[in-house]
Amino acid sequence: MSAVRIEQVRSVLGEILQWEYPADATLSHWLRAHPKLGARDRGEVAGAVFDVLRHLRRYRHYAESGTGPATRRLAILGLVSVFSHDVLNAGLAEQEQHWLAHVLRIDLQSLPRAIRHSLPDWLDERLAELEDADALIEALNRSAPLDVRVNPLKTDRPTMLKKMREGGALRFDPEPTPYSPWGIRLQGRPPVNRWPMFESGEIEVQDEGSQILAALVGPKRGEMVIDYCAGAGGKTLLLGALMRSTGRLYAFDVSAARLARAKPRFARSGLSNVVPVVISADNDQRVKRLAGKAHRVLIDAPCSGLGTLRRNPDLKWRQHPESLAEMMAVQARILRQGARCVAAGGRLVYATCSLLPEENERQVEAFLAENPDFTLVDASKVVLDRCENLTLSGPYLSMRPDRHGTDGFFAAVMERAKPDLPA
């Protein structure tokens, strides 16, 4: 079996390492082309593939000393995380067994950090500038648990935890997330999309850090709210539920395909106040008509995604300094556009799933310098309304896997000044 699995993992890696498409999409396409594989087989292939992507630079360093196709040696190293030593050795030639034993004896601390933790040089340099960089980098290389969120329109967390612990979900060790009042953390690879509570719209998959963004927006019943970069609708769903399906909630996105994927989620949720709108990247007339009218605007901006490396390890190989510079220009443009929709006295939340200051604090500082009618609000005080266990040290929301157990998230809360009343 290990010999078969090595060839399967090698085959998937041969497609993924061309970097034409995201790793999860390429893996899904490969699995659909092999429908006879059972759940355990699929789990072993996926586990090995993502282990290779997390440790690709180190594994390539090791593979330089072997013989034969490089992707086979990478597949073998990935399967070390899946199979026991004896099972894996059964699928290896004698020379491969000796090579594997040799590389597994290498002292990781003897390797340069960028190789040890498998980072491209540019990203190693960027992350090294952050506080407690080593702890952060190590956490980004670990696989993440799965967070789900209850739909407050249909249930509450104690009820859902009881249901999970009395059913088949018990083996995935469901526990309440420490900060979000709506989150449940699961271990392993639970097939959530086949669970009845998912199909009925009682739960949705959403990282705890992403859930907390909704607490920063703080929508109220009857308001007009805009989720400016709604994507597949995860945050839109929670915003709508907190509004109790009242008022009007616009879900904007430039991608019709992403909004189309969100529509089944909207239908399951029971929300009736969501208005999905495909907008153009520049000078959209529908956006212009909403200028100064929204009580709250959330801009979860397109970003490098480097805060999600636990789930998307291929991003560190797909991103580069040039793509980062392009992304920053897009972020600044979207922030300006979305801010125009905020009413006097309204709230603007800018967020990314990045850890890099140039996508986060520096974007906000530049925006505030150009827009004196907006002021920064202390996120630590705003978030306590919903997330009483979350204490922050600064004016921004900054979540990290090593400190909070979430993906890397950043958010800033800003408020638009009300016009001076005539004397």
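Below: a short report on this structure.

### Section: the pairing of strand 5 (residues 224–227)
Phase 1: Burial along strand 5 is two-sided: the residues Met224 and Ile226 and Val225 and Asp227 are all buried.
Phase 2: Judged from the 4 bridges that link them, strand 5 and strand 6 (residues 248–253) form a sheet pairing that is parallel. Directly across from Val225, in strand 6, lies its bridge partner Leu249.
Phase 3: Between the parallel elements strand 5 and strand 6, the chain passes through helix 14 (residues 234–242) in a crossover that is right-handed.

### Some points on empty space enclosed by the protein
Phase 1: Within this structure, the stated rule accounts for 1 cavity of 30 Å³ or more.
Phase 2: Lining of the largest cavity is provided by Arg149, Asn151, Gly201, Glu204, Leu237, Ala241, Arg265, Ser269 and Leu271.
Phase 3: Only helix 14 and helix 15 (256–269) provide two or more residues apiece to the lining of the largest cavity.
Phase 4: Its residues assigned to classes, the lining of the largest cavity comprises 3 nonpolar, 3 polar and 3 charged.

### Observations concerning the environment of Ala90
Phase 1: In this fold, Ala90 is placed in the loop between helix 6 (85–89) and helix 7 (94–104).
Phase 2: Looking at Ala90, the relative accessible area reads 67%, which means it is exposed.
Phase 3: The sequence separation of Ala90 and Ile226 amounts to 136 residues, and the corresponding C-alpha distance is 57 Å.

### Digging into the nonpolar core
A general trend in soluble globular proteins is that nonpolar side chains are found buried together.
Phase 1: Ranked by size, the top nonpolar core spans 53 residues in total, and within it Met164, Leu186, Trp195, Ile203, Leu216, Leu390 and Leu397 carry the most contacts.
Phase 2: Looking at this core element by element, the count peaks at 6 residues for helix 13 (residues 208–217).
Phase 3: With residues up to four places along the chain from it excluded, the contact list for Met164 reads Val148, Ala169, Leu170, Pro174, Ile184, Leu186, Trp195, Met197 and Ile203.
Phase 4: Core analysis: the next-biggest nonpolar cluster, separate from the first, contains 35 residues, Ile6, Val45, Leu53 and Leu88 among them.

### Structural notes on the pairing of strand 9 (residues 342–352)
Phase 1: Across the 11 residues that make up strand 9, a large majority, 8, are buried.
Phase 2: Of the pairings in the sheet, the one linking strand 8 (residues 294–300) to strand 9 comprises 6 bridges and is parallel in character. Note on strand 9: the bridge partner recorded for Ala294 is Val342.
Phase 3: Relative to strand 12 (residues 409–416), strand 9 runs antiparallel, the two being bridged by 6 bridges. Paired with Val349 across the two strands is Val413, which belongs to strand 12.

### Focus on the sheet that holds strand 3 (residues 183–186)
Phase 1: Taken in spatial order, the 4 strands line up as 2-3-1-4 in an open sheet, and their pairing is antiparallel. Edge strands, defined here as strands with exactly one partner in the open sheet, are strand 2 (175–176) and strand 4 (203–205).
Phase 2: Sheet topology note: the strand 1 (residues 146–150)/strand 3 ladder contains 4 bridges and is antiparallel. Residue pairing in the sheet places Arg149 in a bridge with Gly183 of strand 3.
Phase 3: Helix 13 rests against strand 1 and strand 3 of the sheet, and its axis sits at about 35° to strand 1.

### Focus: the pattern of salt bridges
In a structure, side chains of opposite charge can pair up when their charged atoms sit close to one another.
Phase 1: Considering all chains together, one arrives at 32 salt bridges under this definition.
Phase 2: A salt bridge links Arg403 to Asp132, with the nearest nitrogen and oxygen atoms 3.0 Å apart. Note that Arg403 is positioned in helix 21 (residues 401–404) and Asp132 in the loop between helix 9 (121–128) and helix 10 (133–140), a separation of 271 residues in sequence.
Phase 3: Judged by relative accessible area, Arg403 falls into the partly exposed class, the value being 39%.
Phase 4: Linked through salt bridges whose partners overlap, the residues forming this network are Arg5, Arg40, Asp41 and Glu44.

### Things to note about unusual backbone geometry
Both trends apply: most residues other than glycine have a negative phi, and most peptide bonds are in trans.
Phase 1: Non-glycine residue Trp19 carries a positive phi angle of around 60°.
Phase 2: Within the secondary structure, Trp19 is located in the loop between helix 1 (2–16) and helix 2 (23–32).

### Considering helix 10
Phase 1: Turning to helix 10, its buried residues are Ala133, Leu136, Ile137, Ala139 and Leu140. Along the long axis of helix 10, the arc covered by the buried residues comes to 160°, so they all point the same way.
Phase 2: The inward-facing, buried residues of helix 10 contact helix 8 (113–116), helix 9 and helix 21.

### Some points on the packing of helix 3 (residues 39–54) against helix 5 (residues 70–79)
A pair of packed helices can be characterised by two numbers: the angle between their axes and the separation between those axes.
Phase 1: Here helix 3 crosses helix 5 at 110°, and the two axes come no closer than 8 Å. Between helix 3 and helix 5, the angle falls in the class roughly perpendicular. In this structure, helix 3 uses Glu44, Ala48, Asp51 and Val52 to contact helix 5, whose residues at the interface are Leu74, Leu77, Gly78 and Leu79.
Phase 2: Of the residues belonging to the contact of helix 3 with helix 5, the class tally is 5 nonpolar, 1 polar and 2 charged.

### Regarding the side chain of Ser118
Phase 1: Looking at the element boundaries, Ser118 is found in the loop between helix 8 and helix 9.
Phase 2: A distance of 2.9 Å separates a polar atom in the side chain of Ser118 from the backbone nitrogen of Arg58.
Phase 3: With near-sequence residues (within four places) excluded, Ser118 lies in contact with Arg54, His55, Leu56, Arg57, Arg58, Arg113, Lys316 and Trp317.

### Looking at the packing of aromatic side chains
Phase 1: Following the criterion strictly, the structure yields 5 aromatic pairs and no others.
Phase 2: Relative to Trp195, the ring of Phe172 lies with its centre 6.0 Å away and its plane at 40°, an arrangement referred to as tilted. In this pair, Phe172 is assigned in the loop between helix 11 (157–165) and strand 2 and Trp195 in the loop between strand 3 and helix 12 (196–199), connecting sequence segments 23 residues apart. The pair Phe172 / Trp195 is uniform in exposure class, with both members buried.
Phase 3: Look at Tyr396 and Phe410: their rings are 5.1 Å apart centre to centre, the planes differ by 45°, and that puts the pair in the tilted class. Here Tyr396, found in the loop between helix 20 (379–383) and strand 11 (397–399), pairs with Phe410, found in strand 12; they are 14 residues apart in sequence, far enough to count as distant.
Phase 4: Following the ring pairs from residue to residue traces out a cluster consisting of Tyr228, Tyr250 and Phe252.

Here is what the cut-offs are and how they apply
- Residues numbered from 1 in each chain as written.
- Predicted model: local features only at pLDDT ≥ 70, side-chain atom pairs only at ≥ 80, totals over all residues.
- Heavy atoms only, no water.
- Buried < 20%, exposed > 50% of the residue type's maximum accessible area, 1.4 Å probe, protein only.
- Helix = DSSP H or I, 4+ residues; strand = E, 2+ residues; numbered from the N terminus.
- Pairing = 2+ DSSP bridges.
- Right-handed = clockwise from strand over helix to strand, strands pointing away.
- 1 Å grid on protein atoms, 1.4 Å probe; cavity = no way out; pocket = protein on both sides within 12 Å on 5 of 7 lines; lining within 4 Å.
- Points joined across faces, edges and corners; volume = space filled by probe spheres on them.
- Nonpolar A, V, L, I, M, F, W, Y, C, P; charged D, E, K, R; others polar.
- Core = buried A, V, L, I, M, F, W, Y, C linked by side-chain atoms within 4.5 Å.
- Contact = heavy atoms within 4.5 Å.
- Axes fitted to C-alpha atoms, helices over the stretch in contact; angles between N-to-C directions.
- Salt bridge = Lys/Arg side-chain N within 4 Å of Asp/Glu carboxyl O.
- Arc of directions from axis to C-beta.
- Parallel < 35°, antiparallel > 145°, perpendicular 65-115°, else oblique.
- Polar contact = N/O pair within 3.5 Å; in protein donor to acceptor, adjacent residues only side chain to side chain.
- Phe/Tyr/Trp six-rings, centres within 6.5 Å; stacked < 30°, edge-to-face > 60°.

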